[in-house]
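# Inside the fold
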Amino acid sequence: MNNNSVLFEEDFKIKGWDFTNAGEASLKIKNYLKEVGIAENILKRVAITSYEAEMNIVLYAKEGTINFKVTPKKVLLEVKDRGPGIEDVELAMKEGYSTATEEIRNMGFGAGMGLPNIKKNADMFVIKSEPGKGTKLNIEVYLK
Amino acid sequence: MKRNPDKYFHSIEIVEEKCIGCTICMKVCPTQAIRVKNEVAVTIPERCIDCGECIRVCPQNAIIPLTTEYQDLKKFKYTVALPSPVLYSQFGPDVMPNDILLALKKIGFDDVYDQAWSCEVISKAIELFLEDKKHYRRPIISSTCPAVVRLIQIRFPSLLDLIVPVEYPRELSAKEIKSKITDKLKIPEKDIGLIHITPCPAKMISIYEPPTREKSHLDGAIAIKDIYGALLNALKDVTDSETILQRSGGIGIGWAISGGEVKGLKFENCLAVSGVKDTIRILEDVESGILSGIEFLECLVCPGGCIRGPLTVQNPHIARTRIEKLIKMFGEKSRVNEEKVKKLYKKGYFFFKKRIDAAPVMPLSKDPSEAIRILKRREEVLKELPGKDCGACGAPDCRTFAEDVAKGIALIDECVFRIIQKAEVKHKM
Ligand SMILES: Nc1ncnc2c1ncn2[C@@H]1O[C@H](COP(=O)(O)OP(=O)(O)O)[C@@H](O)[C@H]1O
Ligand code: SF4
Ligand SMILES: [Mg+2]
């Protein structure tokens with residue numbers, strides 16, 4: 001089998017400010033991985049990264065998608081949104097940096113650890129953002 | 001009591017003769033462990049967590065708990081009752097815990113042990129553990145509810161290390177009393193029956209196949225509802241001038257309700273969750289690493305806690321109010337001698353005898369490529385199903401049915417909507 005061949009793939013639609021379904025896509029992703037018997041430590045790393053990326057769409061963007069792929073070597077997430085984008089990506093990547101409103105903080109979000117945690121848990125992480133248009137994250141977690 | 005011949009012991013049995021295959025139990029089962037085949041409900045033993053949800057809803061009374069029967073006590077020369085604190089919530093407002101303990105002796109137990117006392121001791125032991133393991137992963141999870149332990153074994157094996165390795169109250173009570181009695185009475189161990197008085201069948205798994213030790217100190221568990229009538233009668237003859245058997249205060253008694261266990265701890269960041277759905281949801285969050293700042297997590301599969309156990313009698317809201325009243329009455333100050341508990345803790349007295357094993361049911365196959373094949377096939381099949389989750393196929397919902405099809409244990413044409421569709425097509429031709 002080719003190392004890049006896609007074993008399983010699924011797309012998820014995420015809506016901004018939709019708290020009824022917030023976190024559902026990440027839960028499904030985690031459970032797919034559990035169902036195919038992926039090791040616990042990898043499972044957890046994917047779960048954290050997908051959750052943080054999903055919540056950032058819910059909290060900051062209008063709408064977005066998560067494309068989830070499993071290949072023999074890795075788990076890939078491509079997270080895209082239509083939204084305000086990020087002016088200063090370098091600043092957003094800093095631990096503790098957050099533009100979350102009082103309202104969001106009261107809900108228990110906005111610690112400014114989302115993007116840093118994605119970076120910490122991913123084996124490969126690229127973030128691209130165009131202010132006024134949206135943000136795109138590419139995340140990879142290697143299986144071995 | 002009968003032993004279930006399945007690989008895993010279960011405390012629940014479906015009586016085929018009574019079951020009419022109505023699908024009600026299948027629909028409520030939180031782990032999708034029931035199917036209806038040939039108009040009879042059958043369980044998938046690997047998936048069952050013994051929560052008893054099915055017992056609650058069966059309109060035919062066809063699902064029975066495999067708890068110890070009253071007659072079974074005859075085989076012992078000496079019996080001791082160890083009542084769950086829930087028992088204290090089951091009677092009228094004037095009936096005190098001590099009266100209930102006395103009544104247990106009147107209905108035939110040779111001795112009783114106030115299990116709520118062990119709850120109080122364990123609250124201290126858990127505190128010591130949390131201090132001792134300050135830098136360990138969090139949250140530490142309660143070991144009290146056997147259905148929760150089973151749930152973690154099958155669905156959240158990565159969380160097994162978080163379960164507090166401190167013996168649960170019924171086991172600790174039994175351990176305490178066993179050593180005392182065998183010395184004092186000079187009766188062989190096999191002739192002593194230590195019987196838990198239980199609000200749920202789930203306790204039976206921790207007695208017959210304890211995940212934490214080779215053998216339980218307990219010899220059985222009788223359902224609260226099975227001795228309720230006898231206790232009501234006996235209570236009439238209890239006079240309050242008799243012996244004091246109650247040792248526990250409000251902390252121990254409080255374990256009967258959701259939030260009671262964490263209330264006994266001095267730590268602030270504790271969380272109490274009850275009900276199977278909410279328990280699964282919170283465990284998902286713990287597993288995903290997105291629940292932070294919680295020191296200790298109490299989970300009970302019965303909504304509101306053990307007072308809502310499937311084998312209780314009293315209305316759970318009245319029962320909760322009663323427990324709250326008793327907590328006030330006996331005070332929220334621990335009655336335990338901390339120094340004594342510390343000494344025992346250091347000796348390892350409270351700890352499990354072995355690690356709890358995983359029994360994962362999530363991987364669709366042991367072979368990863370086969371698991372992927374099943375997963376893909378399930379998603380394909382799911383797209384062809386109507387999504388009505390009607391249950392007529394014998395599976396609880398379309399997704400589970402699709403999975404059964406993908407695994408080759410069901411046929412897609414068993415879906416009634418497909419049967420109807422086919423008939424319509426034929427008709428038009
Ligand atoms: N998808 C996104 N669209 C717009 N802004 C974003 C997005 N993701 C992150 N940000 C910005 O980056 C900041 C830091 O994000 P993060 O590290 O996840 O912390 P937090 O969400 O707690 O603020 C956010 O406060 C927000 O201003
Ligand atoms: S919550 Fe209590 S009564 Fe219900 S199953 Fe668990 S231990 Fe038994
Ligand atoms: Mg964030």
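Quantities reported herein were computed from a predicted structural model and do not represent experimental measurements.

So, how was this worked out
- Residues numbered from 1 in each chain as written.
- Chains lettered and ligands numbered in written order.
- Predicted model: local features only at pLDDT ≥ 70, side-chain atom pairs only at ≥ 80, totals over all residues.
- Heavy atoms only, no water.
- Near = heavy atom within 4 Å.
- Polar contact = N/O pair within 3.5 Å; in protein donor to acceptor, adjacent residues only side chain to side chain.
- Areas by Shrake-Rupley, 256 points an atom, 1.4 Å probe, with all protein chains shown as cover.
- Helix = DSSP H or I, 4+ residues; strand = E, 2+ residues; numbered from the N terminus.
- Buried < 20%, exposed > 50% of the residue type's maximum accessible area, 1.4 Å probe, protein only.
- Contact = heavy atoms within 4.5 Å.
- Core = buried A, V, L, I, M, F, W, Y, C linked by side-chain atoms within 4.5 Å.
- Salt bridge = Lys/Arg side-chain N within 4 Å of Asp/Glu carboxyl O.
- Buried area = accessible area lost by both parts, 1.4 Å probe.
- Nonpolar A, V, L, I, M, F, W, Y, C, P; charged D, E, K, R; others polar.
- Pairing = 2+ DSSP bridges.
- 1 Å grid on protein atoms, 1.4 Å probe; cavity = no way out; pocket = protein on both sides within 12 Å on 5 of 7 lines; lining within 4 Å.
- Points joined across faces, edges and corners; volume = space filled by probe spheres on them.

All names here are of chain A. Near ligand 1 there are 19 residues, and of these Tyr60, Ser98, Thr99, Gly112 and Leu115 occur at the shortest range. At 3.2 Å, a backbone N or O of Gly114 approaches an oxygen atom of ligand 1. Leu115 places a polar main-chain atom, nitrogen or oxygen, 2.8 Å from an oxygen atom of ligand 1. Across the complex, the protein chains shield 93% of the 530 Å² of accessible surface that ligand 1 would expose by itself. Of all the secondary structure elements, the ones that give two or more residues to the shell around ligand 1 are helix 2 (40-60) and helix 5 (114-121). With 3 residues, helix 5 is the largest single contributor of residues to the shell around ligand 1.

Moving on, we come to the environment of Gly85 of chain A. Residues and elements named next belong to chain A. Looking at where Gly85 falls in the secondary structure, it is placed in the loop between strand 3 (74-82) and helix 3 (89-92). Judged by its relative accessible area of 18%, Gly85 falls in the buried class. Along the backbone, Gly85 and Asp11 are 74 residues apart, and their C-alpha atoms lie at a distance of 21 Å. Excluding residues that lie within four positions of it along the chain, Gly85 makes contacts with Ser129, Glu130, Pro131, Gly132, Gly134 and Thr135.

Here we come to the nonpolar core. Burial of nonpolar side chains together is a common tendency in soluble globular proteins. By size, the foremost hydrophobic cluster in this structure holds 70 residues, and its most contacted members are Leu104, Phe109, Ile152, Ile197 and Leu283 of chain B. Counting only elements with at least two residues in this core, the list comes to helix 3 (97-106), helix 5 (146-155), strand 8 (192-198), helix 8 (224-236), helix 11 (276-288), strand 11 (296-300) and helix 12 (316-330) of chain B.

So, about the pattern of salt bridges. Counted under the stated rule, the structure contains 38 salt bridges over all chains. In this structure, the salt-bridge partner of Glu24 of chain A is Arg281 of chain B, at a minimum N-O distance of 2.9 Å. With Glu24 of chain A in helix 1 (residues 24-35) and Arg281 of chain B in helix 11, this pair bridges two chains. For the salt bridge of Glu324 of chain B with Arg320 of chain B, the shortest nitrogen-to-oxygen distance reads 3.2 Å. Separated by 4 residues within a single helix, Glu324 of chain B and Arg320 of chain B lie in helix 12, roughly one turn from each other. Judged by its relative accessible area of 38%, Glu324 of chain B is partly exposed. Salt bridges here are not isolated pairs; linked through shared partners, they connect Glu35 of chain A together with Arg378, Glu379, Arg399, Glu403 and Lys407 of chain B.

Moving on, we get to the interface of chain B and chain A. With 22 residues of chain B at the contact, the number on the chain A side is 19 residues. Where chain B abuts chain A, roughly 1900 Å² becomes buried across the two surfaces, and 58% of that area is made up of carbon and sulfur atoms. Connecting chain B to chain A are 6 salt bridges. Taken together, the links from chain B to chain A amount to 11 residue pairs in polar contact (both at pLDDT 80 or more). Those elements that place two or more of their residues in the side of chain B that touches chain A are helix 11, helix 14 (368-384) and helix 15 (398-407) of chain B. Looking at the side of chain B that touches chain A element by element, the count peaks at 7 residues for helix 14 of chain B. Considering only residue class, the side of chain B that touches chain A consists of 10 nonpolar, 3 polar and 9 charged.

To continue, consider the site of ligand 2. Around ligand 2, the neighbouring residues are Cys145, Pro146, Pro199, Cys200, Lys203, Leu300, Val301, Cys302, Cys306 and Gly309 of chain B. A breakdown of the residues in the shell around ligand 2 according to their chemical character gives 8 nonpolar, 1 polar and 1 charged.

If you walk across this open sheet you meet the 4 strands as 6-5-8-9 (chain B), and the pairing is parallel. Where the open sheet ends on each side, the last strands, each with one partner, are strand 6 (111-112) and strand 9 (220-223) of chain B.

All right, on to empty space enclosed by the protein then. All names here are of chain B. For the structure shown, the criterion picks out 7 cavities of 30 Å³ or more. Forming the walls of the largest cavity are 16 residues, and the residues nearest its centre are Pro85, Thr144, Pro169, Trp255 and Cys306. Breaking the lining of the largest cavity down by element, the ones donating at least two residues are helix 4 (115-132), helix 6 (169-185) and strand 11. In terms of residue class, the lining of the largest cavity is built from 8 nonpolar, 4 polar and 4 charged. Quantified by volume, the second largest cavity comes out at close to 110 Å³. In terms of lining, the second largest cavity is formed by 14 residues, of which the most central are Ile12, Cys29, Ile34, Cys48 and Cys54. Here the lining of the second largest cavity is built from residues that sort into 9 nonpolar, 3 polar and 2 charged.

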